[in-house]
Amino acid sequence: MRIGIEAQRIFRANKHGMDNAAVFVINALALMDKRNLYFIFVNDGPDKDCLELPDNFNVVCKKASYASFEQFHLPKLVAKYKLDLLHCTGNTAPIRCTVPVVLTLHDLIFFEKNPLFAQ
């Protein structure tokens, strides 16, 4: 399979929890899976040493704002790299995507204070 992983914030210097989770998952996959081909989509940043990747993993840097990266560039990257699956690691995903999407939803705390979801 050709698998894309959206992890655009993992190269920033001050990582948050979901960035660290993405780094952990990617590095664990790199140790376990030598069969599938991976494309890690990131925004450029100073911490490029956080990943230890074998030859079946490719890092693709794209400099763009978060929303532009996710909604505009990511669907184009899915087509360009002929992906079979896209994993989005940061709570959101492209509205339109031509392949199945796996979404990591880290928490739902924002629902707690949102009047649309209050009981």
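Right, let's walk through the structure included here. All values reported here derive from a predicted model rather than from experimental measurement.

## Considerations on the pattern of salt bridges
(1) Moving on: What the rule picks out here adds up to three salt bridges.
(2) Moving on: In this structure, the salt-bridge partner of Asp19 is Arg12, at a minimum N-O distance of 2.7 Å.
(3) Moving on: For Asp19, a relative accessible area of 3% gives the class buried.
(4) Moving on: The closest approach of N and O atoms between Lys15 and Asp47, which form a salt bridge, is 2.4 Å. On the criterion of sequence distance, the pair formed by Lys15 in the loop between strand 1 (2–6) and helix 1 (17–32) and Asp47 in the loop between strand 2 (37–42) and strand 3 (57–61) is long-range, its members being 32 residues apart.
(5) Moving on: Residue Lys15 is classed as buried on the basis of its relative accessible area, which comes to 19%.

## Here's the deal with the state of the cysteines
(1) Moving on: Considering all chains together, one arrives at zero disulfides under this definition.
(2) Moving on: Cys88 forms no disulfide, and the closest cysteine sulfur to it belongs to Cys97, at a distance of 7.0 Å.

## Quick word on helix 2 (residues 66–80)
(1) Moving on: Between its first and last C-alpha, helix 2 extends 19 Å over 15 residues, near the 21 Å set by a 1.5 Å rise per residue.
(2) Moving on: Of all the residues in helix 2, the buried ones are Phe69, Glu70, His73, Leu74, Leu77 and Val78.
(3) Moving on: Residues of helix 2 that are buried sit in contact with strand 1, strand 2, strand 3 and strand 4 (85–88).

Thresholds, definitions, all that
- Residues numbered from 1 in each chain as written.
- Predicted model: local features only at pLDDT ≥ 70, side-chain atom pairs only at ≥ 80, totals over all residues.
- Heavy atoms only, no water.
- Salt bridge = Lys/Arg side-chain N within 4 Å of Asp/Glu carboxyl O.
- Buried < 20%, exposed > 50% of the residue type's maximum accessible area, 1.4 Å probe, protein only.
- Helix = DSSP H or I, 4+ residues; strand = E, 2+ residues; numbered from the N terminus.
- Disulfide = S-S within 2.5 Å.
- Expected span 1.5 Å × (residues − 1).
- Contact = heavy atoms within 4.5 Å.

These values are about where atoms sit, not about what they do.
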